Amino acid sequence: SVNGACSLETLTMLDEAGRARVLRAPDALLQELPRIVLAQGEAARFAHGNPVGFPVGLSFEQAGRFRVYEGERLLGVAVADGGGMLCPRRLIAAG
């Protein structure tokens with residue numbers, strides 16, 4: 001069994017505040033990935049599946065996966081190609 005698990009049946013019986021106490025943030029499983037925050041224009045391009053340049057001030061030589069945000073909103077997961085571009089791999093639909 002999983003400690004602290006909650007069934008779907010139980011979730012449907014909870015009010016909004018109760019669900020907020022039980023459910024984790026969408027990025028809870030991504031905390032081990034480095035965080036990158038994009039400016040609004042770049043975030044819009046990224047959210048449509050387009051590669052974007054690495055944000056100014058960050059080292060783009062490091063290849064790997066990153067969790068990508070616009071402000072506090074998770075946009076998705078990207079892979080850095082080592083040449084200065086962040087390529088979307090998994091996107092989160094906007095609400």
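Residues numbered from 1 in each chain as written. Predicted model: local features only at pLDDT ≥ 70, side-chain atom pairs only at ≥ 80, totals over all residues. Heavy atoms only, no water.

Looking now at the overall build of the chain. Within the chain, the regular secondary structure consists of three helices and five strands. In the chain, the succession of α and β elements from N to C terminus is α-α-β-α-β-β-β-β. The contacts in the chain between residues at least 6 apart in sequence include a share of 48% that link residues at least 24 apart. Entry remark: accessible area of the chain is about 6,600 Å², with carbon and sulfur atoms responsible for 56%. (Helix = DSSP H or I, 4+ residues; strand = E, 2+ residues; numbered from the N terminus. Contact = heavy atoms within 4.5 Å. Areas by Shrake-Rupley, 256 points an atom, 1.4 Å probe, with all protein chains shown as cover.)

Before going further, it helps to examine the confidence of the model for the chain. Here the chain shows a mean pLDDT of 85. Residues at 70 or above account for 86%. Per-element confidence in the chain is highest for strand E4 (residues 73-80), whose mean pLDDT is 94, and lowest for helix H2 (residues 16-22), whose mean pLDDT is 84. (pLDDT = per-residue confidence, 0-100.)

Of the pairings in the sheet, the one linking strand E2 (residues 52-53) to strand E5 (residues 85-91) comprises two bridges and is antiparallel in character. Along E5, the bridge assignment pairs valine 52 with leucine 86. Taking the residues that link successive antiparallel strands as the turn, the E4-E5 hairpin has four residues, and the phi of glycine 82 there is positive, at about 80°. (Pairing = 2+ DSSP bridges.)

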